[in-house]
Amino acid sequence: MSARAQRLLELADDELILGWRDSEWTGIAPTLEEDVAFSSIAQNEIGHARALYELAATELGTDADALAFDRQPDEYRCAQLVELRLMDWAHTIARRYLYEEADRVRLEALKAGDDAELAGLAAKIDREETYHRLHAEMWAGRLRDEPRFRSAIEELWPYALAVVDEGQRAELARRTGLSVDSTQTVQRGQHTPELAELWNEMTEVRRSAPGATW
Amino acid sequence: MDARTEEFLAYVQDGGQAESTDWLPDEYRQKLVKFIEMHGNSELMGVLPEREWILRAPTLQRKLALTAKVQDEVGHAQLIYRVAEDLGKPRDQMLADLISGKAKFHNVFHYPTKTWGDVGVIAWLVDAAAIISQKALLKCSYAPYARIMKKICWEESFHILHGRDVILALVTGTDMQRELVQEALDRWWGPLMQFHGNPIPREEDPMYIWRIKSQGNEEARQQFLEGYVPQIRELGLTVPDPNLRRGDDGVWTYSEPDWDELRSVVTGHGPRSQERLAFRARFLEQEKWVRDTLLAA
Amino acid sequence: MVFEVFRQEKKGQPFTHAGSVVAPDAAFADAWAREQYGRRGESEALWLVPRDAVHQVTEWADEFDLKYRRVDGYSIKERLRIARERAGTTPA
């Protein structure tokens, strides 16, 4: 697998798994209005994943659904940040906020990179992420003084650092105002047991009829 | 009935509509709030059986479509509750009454979902049954409610198409996939036939008398059968009622729905009633601090 | 706070009332209304207005004949007929 395909899968897997986690809030978000808005964010993330998988699929000779669902858990290249099951609002918003900051750093690098196709897709994704960022910043502003939010940010920060490449971490730390203490970083490439659990549920129907059309 | 109320009744029976700032008879307002509240509760509770399948959707497209559908249901709950809020009932009171069982939600959302076949059957047939009732509400005598029904009906039409698409993929798939649909249909047919309520003549139905609904329960059920039995049968599926028959006069006859089951389910004794209410209560309680934070300056 | 939502479906069309959202401030109202009324790309634009800022007018003085301000206050048929007769002309 080329470095490009690996990079695409990293990005796509992050968006897929985070979108999957975010879609767990459908129907049970703190207010109905927020429920509707948050669901759009989850759908956008799945949409980004789909576009990224499609790029990778042409190179790998497969299709987006096969990449999204038919690999084994240890073949996914997502960062641990997105795997965590965080069914409380403080952690959920903390993750959204940190992920958006990390993603912005990462997308800026891709937009400026040599790979025109990927740069184009990164720009498209970035334009949609503008609204995700507004949403995350709006909530982070509201919850800023909440102890449970602050402790969630501290707890998730080492995971967030691992979303970006080593060379981008100083920039991420600068933007969030948090310290770049890499000794605590949870590296990409290893997975929590939560990913396997998520994968079981995510692929349950699909595995019941391999190769079938749904 | 006092003169002012009689005048209002004549006005709505003649096709007149009322706004939120108009004088409304107490009896009308009470019945209206109860009806609207039950509708909002149903949209909100309907999310719970379906959201599990978002997580298990077997393709990216289905995941997106199902998430969007369920998002719409939450959006409908928001639209509907807003109407009831403007009639004077606060949202947190409606949610508390839902949890305590004081307020009700429609029968179909008290049942379990077991397979991906249920996903198709719900989106196609349960939403179809609902859209028939909702189209009849487009002419509701209470204008704010009638107006939101336009957006709701428009969005429900996507749901039915999505549902039919899911079903078609299954019935043109493997034998196992096809069987998922028939098996789900076998389980959902009873609740579907109960959905529109017992066949009280519309002249005796307070909801029709006040023109909150513009059709009776049996009219709605007949429309559902007329529209959807042919669609079910053309796929080679069997409707699990041997007595289902269309007369020469166009009227469908069928096995008597189990009205005891309907009554029991709607009063909170359905297979999933308490579990779902508890789930909703858990998250409402857990995230109360968020709502309090939003309310603080 | 309740924010009333006005929606423009296509460029050039009027904004019509579409519903309302409950939000703590304008930023939340923006984030929430745009999804409730635009997630399908069905709206060209939205106006969000705090309900308090909306002033309703429903009562009108209806004492005197105002038909002179309207088209139905004029009936020219008969005079036109006479004028044509005098001029010996037929209708244009």
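Residues numbered from 1 in each chain as written. Chains lettered and ligands numbered in written order. Predicted model: local features only at pLDDT ≥ 70, side-chain atom pairs only at ≥ 80, totals over all residues.

Some remarks on the overall build of chain A
Argument step 1. Within chain A, the regular secondary structure consists of nine helices and zero strands.
Argument step 2. Of all 214 residues assigned to chain A, the portion counted as buried reaches 48%. (Helix = DSSP H or I, 4+ residues; strand = E, 2+ residues; numbered from the N terminus. Buried ≥ 20, exposed ≤ 12 C-beta atoms within 10 Å, placed from the backbone.)

Observations regarding the overall build of chain B
Argument step 1. In terms of regular secondary structure, chain B is built from 12 helices and two strands.
Argument step 2. Along its sequence from the N terminus, chain B presents helices and strands in the succession α-α-α-α-α-α-α-α-α-β-β-α-α-α.
Argument step 3. Taking 297 residues into account, the globule formula puts the C-alpha radius of gyration at 19 Å, and chain B, at 20 Å, falls close to it.
Argument step 4. Overall size of chain B, expressed as C-alpha extent along the three principal axes, is 65 × 60 × 35 Å. (Rg over C-alpha atoms; globule rule 2.2 N^0.38 Å.)

What to know about unusual backbone geometry
Residue and element names in this part refer to chain B.
Argument step 1. One non-glycine residue, Arg211, lies in positive phi territory at about 55°.
Argument step 2. Counting through the fold element by element, Arg211 comes out in the loop between helix H8 (206-209) and helix H9 (217-233).
Argument step 3. For Arg211, a count of 20 C-beta atoms within 10 Å translates into the label buried.

Description of the interface of chain C and chain B
Argument step 1. Listed per partner, the contact involves five residues of chain C and eight residues of chain B.
Argument step 2. Residue composition of the side of chain C that touches chain B, grouped by class: one nonpolar, four polar and no charged. (Contact = placed C-beta atoms within 7 Å. Nonpolar A, V, L, I, M, F, W, Y, C, P; charged D, E, K, R; others polar.)

Some details on the interface of chain A and chain B
Argument step 1. With 35 residues of chain A in contact, the opposing surface of chain B contributes 34 residues.
Argument step 2. Elements with a contribution of two residues or more to the side of chain A that touches chain B: helix H1 (3-23), helix H2 (32-60), helix H3 (64-69), helix H6 (116-143) and helix H9 (193-207) of chain A.
Argument step 3. The element contributing the most residues to the side of chain A that touches chain B is H2(A), with 10 residues.
Argument step 4. Here the residues of the side of chain A that touches chain B sort into 16 nonpolar, eight polar and 11 charged.

Some thoughts on helix H3 (residues 60-86) of chain B
Helical periodicity: at 3.6 residues per turn, an α-helix aligns residues three or four positions apart in one direction.
Residue and element names in this part refer to chain B.
Argument step 1. Counted at 1.5 Å a residue, the expected span for H3 with its 27 residues is 39 Å, and the 39 Å between its end C-alpha atoms agrees.
Argument step 2. For H3, the tally of buried residues reaches 24 of 27 residues, placing the bulk of the element in the interior.
Argument step 3. A positive backbone phi angle near 115° is found at Gly88, which sits one or two residues after H3. (Expected span 1.5 Å × (residues − 1).)

Things to note about the environment of Trp116(B)
Argument step 1. Here Trp116(B) is to be found in helix H5 (residues 116-136).
Argument step 2. It is 9.2 Å that separates the C-alpha atoms of Trp116(B) and Leu170(B), two residues lying 54 residues apart in sequence.
Argument step 3. Look past the residues within four positions of Trp116(B) in its chain and what remains in contact with it is Val205(A), Trp53(B) and Leu180(B).

Here's the deal with the environment of Thr238(B)
Residue and element names in this part refer to chain B.
Argument step 1. Following the sequence through the fold, Thr238 ends up in the loop between H9 and strand S1 (245-246).
Argument step 2. The exposure class assigned to Thr238 is partly exposed, which follows from the 13 C-beta atoms found within 10 Å.
Argument step 3. Residues Thr238 and Pro201, spaced 37 residues apart in sequence, show a C-alpha to C-alpha distance of 30 Å.

Description of the environment of Glu37(B)
Residues and elements named next belong to chain B.
Argument step 1. Inspection of the secondary structure puts Glu37 in helix H2 (residues 26-56).
Argument step 2. Since 24 C-beta atoms lie within 10 Å of it, Glu37 is described here as buried.
Argument step 3. With 104 residues separating them in the primary sequence, Glu37 and Ser141 have C-alpha atoms 16 Å apart.
Argument step 4. Contact partners of Glu37, with chain neighbours within four places excluded, come to Ala84, Lys89, Met94 and Ala103.

As for the pairing of strand S2 (residues 16-22) of chain C
Residue and element names in this part refer to chain C.
Argument step 1. Within S2, five of the seven residues are buried, which leaves the element mostly enclosed by the surrounding structure.
Argument step 2. Judged from the six bridges that link them, strand S1 (residues 2-8) and S2 form a sheet pairing that is antiparallel. The partner of Arg7 across the bridge, within S2, is Thr16. (Pairing = 2+ DSSP bridges.)

Here's the deal with the sheet that holds S1(C)
Remark on secondary structure: sheet strands pair via backbone hydrogen bonds, oriented parallel or antiparallel.
Residues and elements named next belong to chain C.
Argument step 1. Across the sheet, three strands lie side by side as S2-S1-S3; this open sheet has antiparallel pairing. Both edges of this open sheet fall to S2 and strand S3 (45-50), since each of them pairs with a single strand only. Neighbour to neighbour, the strand axes of the sheet diverge by 30° on average, direction disregarded.
Argument step 2. On top of the sheet, helix H1 (residues 26-38) reaches S1, S2 and S3; it is set at about 135° to S3, its chief contact. (Axes fitted to C-alpha atoms, helices over the stretch in contact; angles between N-to-C directions.)

Some points on the packing of H2(B) against H3(B)
All names here are of chain B.
Argument step 1. At a minimum axis separation of 8 Å, H2 and H3 run at an interaxial angle of 160°. The orientation of H2 with respect to H3, classified from their angle, is roughly antiparallel. Remark: the crossing between H2 and H3 carries left-handed chirality.
Argument step 2. Residues of the contact of H2 with H3, tallied by class, amount to 14 nonpolar, five polar and six charged. (Parallel < 35°, antiparallel > 145°, perpendicular 65-115°, else oblique. Left-handed = near helix turned anticlockwise from the far one by under 90°.)

Digging into the confidence of the model for chain B
Argument step 1. Summary statistics for chain B give a mean pLDDT of 96 and a share of 100% for residues scoring 70 or more.
Argument step 2. Per the prediction output, this complex has pTM 0.95; the corresponding ipTM is 0.96. (pLDDT = per-residue confidence, 0-100.)

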